[in-house]
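Examination of the molecular architecture
Residue-level listing of the chains:
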Amino acid sequence: MKLRAILTLSFLAVLLGFFSLWMAQQSYSWVPPEAAAESKLVDDLFSIFVGLGTFILLGVTIPIVYSLMFHRAGKYDFSDGPHIEGNTLLEVIWTAVPIVLVLGLSTASYRTYDKMSIQGPMELVHLHLPQLVEVANAAPFDNTPQKEIETAQESAPIEDIDVTAKQWSWVFRYPNQNVTSTELHLPVDRRIHLALHSDDVLHGFYVPAFRLKQDIIPNRVIDFEFTPVRIGTYPLRDSLYSGTYFAANQANIVVQSPADYQQWLADAAAQPPSPAYNQANFEYSRGTKSGNIGGWKSVAPASPPIVNYSPQPPVNSSPD
Amino acid sequence: MTNISLEAIDGTRAQPYPGAPDNWKRFFTFSTDHKVIGIQYIITSFFFFLVGGLLSMIMRGELISPETDLVDRTVYNALFTMHGSIMLFLWTFPVLVGLSNYLVPLMIGARDMAFPRLNAVSFWLIPVVGVLMIASFLVPGGPSQSGWWAYPPVSLQNPTGNLINGQVLWILAVAISGVSSIMGGVNFVTTIFKMRAPGMTWFRTPAFVWSVLAAQLIQLYGLPALTAGAVMLLLDLTVGTSFFAPERGGNPVLYQHFFWFYSHPAVYVMVLPVFGVFSEVLPVHARKPLFGYRVIAVSSVLITGISSLVWVHHMFASATPSWMRILFMVSSMLVGVPTGIKVFGWVATIWGGKIRLTTPMLFALGGIVNFVFAGVTGIMLASVPIDIHVNNTYFVVGHFHYVIYGTIVFGIYAAFYHWFSKITGRLYYEGLGKVHFVLTFLGTLLTFLPMHPAGLMGMPRRVASYDPEFAYWNVVASLGGFLLGISTLPFILNMVSSWILGEKAGDNPWRAIGLEWLTSSPPSVENFEETPVVIAAPYGYGTQQPLVEANPNPGLIQPSFMIQSPNSEAV
């Protein structure tokens, strides 16, 4: 009986190992295409977590199901099981293994974080740079994305763009060309530097295809950097709840070749500023005529942004 | 409670307390009996569970299609705000306080809680909270629409301009709920420290009591921060102070610290007693001692300690400095260690036991599996780079519903079924219980699992409308949500009909070991005829050792000797 249990469980453990590896591979297909250098780093890390997580989840579930199948009391068996209060060795092992695991996962996460050099508040930004090469050498996996970040960080000029979030619209301003837009156009393979502003409440700058997110806080300017590496159109979503029309507060991000990007900037600069279509304003002015149930008084949306460039309405996009 | 003698379980032991009310009316009085208060808490909060569930089903109705085509956006925002607030402040917290109220004094051999009147006051504040929350639907401008976290500046925007608005009522309700919980915390901690029966040393105290102690300690250190934050928010909103209002120089991120300093540990306030339930239910239905009882007991207190240092993981995207992100990443992941100890201990407990798949056992094991899944996604969320992608997406919604529904509600159901006979003196219907389990487990899987892929794809939470790319997973989740609604029907049918018509249970139908099983079902007002003297560690399954000494009713002190079917009357 005991030998059979050990053999069965060892066999299941090996199967489980392969299954976990398979799940780790699958995890790349659960997320949007990798459109920034940072995306690849996050996906590699996520894949490790998925593999280990699968192993742990099924590693607990399989013994439970096994017990339910083979350790059931007979219908008229009212006796007790063996009086086992514990096992010090086992308890030490299953305390030590999780400690090692979480420390390992923390270290892996820290390395990824370091390579991404995520900029939140300004003070710590430059501390990351000298460490980059060193960490890259020690890194066990593909360091192309990190190289891309490094190259982009070193290749001047960095694209400076002002981002303003408000209830409920996004406005992007290119200070060098004095162009404003409700669609964020970016050159591919360049380090992008955004200055995030909010006019009213908290908002969140979230681009799923870039795996990046940053809350935007009124009265503060937040620096934010990343490197797009894939040409295409990606949704930008407000990720931090900002009131009535929060769900409609989206914009497109268009990553273009540098030539197309310059062309777009030039075209946009030639256009006179005009009011852009704005979903929140559209719905607010339509009022309760939408036919939906109920409706309470809402904060009035800011007036539609006046910009050089805005895409054709309505803004409703998906990657690619 | 003289109805005990009507049930003729043991006429000699169940002498009614003179003057004790003996009918359903006692549940509508300012009773100081911890058992009456426990039932008051449980029934009241279950009512709000149904209310919160109805709100969530309207939300799932809206989300079954990408456009806003069922309710107005303001209504949707009010729905998720009130769903979260009602489910936390009026269901999960109070129902667990109710269970703890009922069980802790019985489990430690006490006659009541340390402060019975304070206990009654704590309870009677809950209906006040409920009335305030529900009343907010009727004021101009509707209920709060700033979410259960009520972040300023959104929570400070008052579109109607009225002094009495949904947000003010919400803050008052939360503050009163906080006061009620602090009173409860003082009461539980005092009771557990001071009123354990003679001989019940710390390592003879049941794991459930340890977990309640660990949870209530969090209430004591954490709730003052939230309550202070709520008062500051109220002042900003009503008299124009500038704690958090950015246009007046306040700092909205400061509120997030106040809020999460309590509200993350609050998850452990809710989940710790459920861990305790698992630790009590598994040994009984597997007929084996709780594996590594001492470590499991101590790990509850470790969770209390670690939980005080994890709150910033809710703010990884809130312009938090890097050192803070890394520090709180490590501390948050460390929560996985004491919880891992518990999970492994539970698996080892049932391993090689004599398992009976009763309804409480099914709910406990289902809850453990769901909890491990929630733990895996929780560790992912603790990792800063992954969290930066999935923070504020449906991945988080899926994760915490696996904790709150998949684990905590499962544990609560397990507790209801496990102690039903103790509370009512009757047996529930096993078949209906199993139907309830199957529907609930499937409903949980269908509702909350699809939220993870939706979140990984980038669907933000709190949205009334979404891009069509997320439609598939949302349709599945909505259908699952309706199934979860249906799953409560066999439960309600079972509880109501069994309480009225169910077979008499006897004192100890599970042949369980524990002080609460040594007294009558339902217990008399004073709980125990004579104060029990504990002479052994809990969970003595497989030994012939009695739990208490010199009991006036010797048939009940040696549960291991009593061979009887679970359905038969107690001797």
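Keep in mind it's a predicted model, so treat the numbers as computed, not measured. (Residues numbered from 1 in each chain as written. Chains lettered and ligands numbered in written order. Predicted model: local features only at pLDDT ≥ 70, side-chain atom pairs only at ≥ 80, totals over all residues. Heavy atoms only, no water.)

Further remarks concern the overall build of chain A. Helices and strands together make up the secondary structure of chain A, namely seven helices and 12 strands. For chain A, the residues scored as buried account for 52% of the 320 residues in total. Sequence-distant contacts, at least 24 apart, represent 73% of the contacts inside chain A between residues at least 6 apart. Of the roughly 14200 Å² of accessible surface on chain A, a fraction of 62% belongs to carbon and sulfur atoms. (Helix = DSSP H or I, 4+ residues; strand = E, 2+ residues; numbered from the N terminus. Buried < 20%, exposed > 50% of the residue type's maximum accessible area, 1.4 Å probe, protein only. Contact = heavy atoms within 4.5 Å. Areas by Shrake-Rupley, 256 points an atom, 1.4 Å probe, with all protein chains shown as cover.)

All names here are of chain A. One open sheet holds the five strands; their spatial order is β4-β10-β9-β6-β7, and the pairing between them is mixed. Since the sheet does not close on itself, it has two edges, and those belong to β4 (184-187) and β7 (212-216), each with one partner. Neighbour-to-neighbour, the strand axes of this sheet turn through a mean angle of 25 degrees, independent of strand direction. Note that strand β6 (residues 203-207) and β7 share five bridges and pair antiparallel. (Pairing = 2+ DSSP bridges. Axes fitted to C-alpha atoms, helices over the stretch in contact; angles between N-to-C directions.)

With that settled, consider helix α11 (residues 336-350) of chain B. Residue and element names in this part refer to chain B. For α11, which comprises 15 residues, the first-to-last C-alpha distance of 21 Å matches the rise-based estimate of 21 Å (1.5 Å per residue) to within 8%. By the criterion of burial, α11 is predominantly enclosed, with 13 of the 15 residues buried. Positive backbone phi, at 75 degrees, marks G352, one or two positions downstream of α11. (Expected span 1.5 Å × (residues − 1).)

Right, let's talk about the layout of surface pockets for a bit. If you add up the space inside the second largest pocket, you get close to 810 Å³. As for the second largest pocket, its lining consists of 34 residues, and the residues nearest its centre are A:L57, B:F373, B:Y402, B:L445 and B:L449. Element by element, the count of residues in the lining of the second largest pocket is highest for helix α2 (residues 37-70) of chain A, at 10 residues. The residue inventory of the lining of the second largest pocket, partitioned by class, reads 27 nonpolar, seven polar and no charged. (1 Å grid on protein atoms, 1.4 Å probe; cavity = no way out; pocket = protein on both sides within 12 Å on 5 of 7 lines; lining within 4 Å. Points joined across faces, edges and corners; volume = space filled by probe spheres on them. Nonpolar A, V, L, I, M, F, W, Y, C, P; charged D, E, K, R; others polar.)

All names here are of chain B. Secondary-structure assignment places W510 in the loop between α17 (471-501) and β1 (533-534). W510 sits 226 residues away from V284 along the chain, and the two C-alpha atoms are 7.0 Å apart. Here W510 is in contact with V284, H285, R287, T358, P360, Y417, H418, Y428, E430 and W517, once residues within four sequence places are set aside.

Attention now goes to the packing of aromatic side chains. Residue and element names in this part refer to chain B. Counting across every chain of the model gives 72 aromatic pairs over all chains. Ring centres 5.1 Å apart and planes at 75 degrees place the aromatic pair F47 and F48 in the edge-to-face group. Accessibility expressed as a relative area gives 6% for F48, which makes it buried. (Phe/Tyr/Trp six-rings, centres within 6.5 Å; stacked < 30°, edge-to-face > 60°.)

The next point concerns the interface of chain B and chain A. Counting residues at the interface gives 112 residues for chain B, matched by 101 residues for chain A. If you look at where chain B meets chain A, you find five salt bridges. Across the pair A:E283 and B:R73 runs a salt bridge, and its minimum N-O distance is 2.6 Å. Here chain B is connected to chain A by 35 residue pairs in polar contact (both at pLDDT 80 or more). Of all elements in the fold, only α3 (73-108), α7 (252-263), α9 (293-307), α10 (322-334), α11, α12 (359-382), α13 (384-390) and α16 (451-457) of chain B reach the threshold of two or more residues within the side of chain B that touches chain A. Broken down by element, the residue count for the side of chain B that touches chain A peaks at nine residues, all from α11(B). (Salt bridge = Lys/Arg side-chain N within 4 Å of Asp/Glu carboxyl O. Polar contact = N/O pair within 3.5 Å; in protein donor to acceptor, adjacent residues only side chain to side chain.)

Next up on the list: the packing of helix α5 (residues 166-194) of chain B against helix α6 (residues 207-238) of chain B. Residue and element names in this part refer to chain B. Contact pair α5 / α6: the axes reach a minimum separation of 8 Å and the direction vectors enclose 155 degrees. When the axis of α5 is compared with that of α6, the two are roughly antiparallel. Here α5 and α6 pass one another in a crossing that is left-handed. Partitioned by chemical class, the residues of the contact of α5 with α6 number 23 nonpolar, nine polar and no charged. (Parallel < 35°, antiparallel > 145°, perpendicular 65-115°, else oblique. Left-handed = near helix turned anticlockwise from the far one by under 90°.)

For the rest of this paragraph, the subject is the sheet that holds strand β5 (residues 192-198) of chain A. Residue and element names in this part refer to chain A. Strand order in the open sheet made by the five strands is β3-β2-β1-β5-β8, with mixed pairing throughout. The open sheet has two edge strands with one neighbour each: β3 (179-181) and β8 (222-226). Strand-to-strand, the axes of this sheet are offset by a mean angle of 25 degrees, without reference to chain direction. Of the strand pairs in this sheet, β5 and β8 are connected by five bridges, and their pairing is antiparallel.

Residue and element names in this part refer to chain B. Counting all residues, the mean pLDDT for chain B is 90, and 92% of those residues have values of 70 or more. For residues 1-21, every residue scores under 50 in pLDDT, and the model assigns this stretch 37 contacts once sequence neighbours within four places are set aside. Note that pLDDT drops below 50 for residues 557-571; the model gives that stretch 35 contacts with residues more than four away or on any other chain. (pLDDT = per-residue confidence, 0-100.)

To continue, consider the packing of α2(A) against α11(B). Interhelical geometry of α2(A) versus α11(B) gives an angle of 20 degrees and a closest axis separation of 9 Å. Accordingly, the angle class assigned to the pair α2(A) and α11(B) is roughly parallel. Helix-helix and strand crossings are classified by hand; for α2(A) and α11(B) the assignment is left-handed. Within the contact between the two elements, α2(A) uses A:V60, A:P63, A:I64 and A:S67 and α11(B) uses B:V343, B:F344, B:V347 and B:I350.

Before going further, it helps to examine the pairing of strand β9 (residues 232-238) of chain A. Side chains on a regular strand alternate between the two faces of the sheet. Residues and elements named next belong to chain A. Where burial is concerned, most of β9 is hidden: six out of the seven residues are buried. In terms of strand pairing, β6 meets β9 through two bridges, oriented antiparallel. When the sheet's bridge partners are listed, Y206 is paired in β9 with R237. Relative to strand β10 (residues 250-256), β9 runs antiparallel, the two being bridged by six bridges. If you follow L236 over to β10, its bridge partner there is A251.

So, on to empty space enclosed by the protein. Rolled over the atoms, a probe with the dimensions of a water molecule shows which regions are left empty. All names here are of chain B. Inspection of the entire model under this criterion finds 14 cavities of 30 Å³ or more. Reported here for the largest cavity is a volume of approximately 270 Å³. Forming the walls of the largest cavity are 22 residues, and the residues nearest its centre are P143, Q145, V154, Q157 and P159. Split by residue class, the lining of the largest cavity holds six nonpolar, 15 polar and one charged.

This next bit is on the environment of B:V548. Take B:V548: it is sitting in strand β2 (residues 548-549). With 11 residues separating them in the primary sequence, B:V548 and B:A537 have C-alpha atoms 9.8 Å apart.

On the surface, B:I43, B:Y429, B:V496, B:W499, B:I500 and B:L501 cluster together into a nonpolar patch covering about 600 Å² of accessible area. With respect to the helices and strands, the residue B:I43 is situated in helix α2 (residues 34-63). (Patch = residues over 30% accessible without salt bridge, like charges linked within 9 Å, V, L, I, M, F, W, Y side chains within 5 Å.)

Let's shift gears to the side chain of B:K35. All names here are of chain B. Tracing the backbone through its elements, the reader meets K35 in helix α2. Taking the relative accessible area as the measure of exposure, K35 reaches 1% and is therefore buried. Of the polar contacts made by the side chain of K35, one reaches the side chain of N527; its length is 2.6 Å.

Below, the discussion takes up unusual backbone geometry. In this chain, A:Q167 is followed by A:W168 through a cis amide linkage whose omega measures -5 degrees. You can see A:W168 is positioned in the loop between β1 (159-166) and β2 (169-174). With an omega of 5 degrees, the peptide bond between B:P152 and B:P153 qualifies as cis. Along the chain, the position of B:P153 falls in the loop between α4 (116-135) and α5. Phi is positive for A:R211, close to 60 degrees, though the residue is something other than glycine.

On to the pairing of β5(A), then. Residues and elements named next belong to chain A. Counting buried residues in β5 gives six out of seven residues, a clear majority hidden from the surface. Sheet topology places β1 next to β5; seven bridges connect them, and they run parallel. Looking at β5, one finds that V163 is bridged to L196.

Note: predicted coordinates in regions of low pLDDT should not be interpreted at a detailed level. Residues and elements named next belong to chain A. Summing up the model confidence of chain A, the mean pLDDT is 85 and the portion of residues at 70 or higher is 84%. Between residues 120-140, whose pLDDT stays under 50, and residues either more than four places distant or in other chains, the model counts 36 contacts. Every residue in residues 315-320 is under pLDDT 50, and counting partners more than four places away or in other chains gives 21 contacts.

Counting 246 residues, the largest nonpolar core has A:F205, A:F210 and B:Y413 as its most contacted members. Per element, the largest residue contribution to this core is 22 residues, and it comes from α3(B). (Core = buried A, V, L, I, M, F, W, Y, C linked by side-chain atoms within 4.5 Å.)

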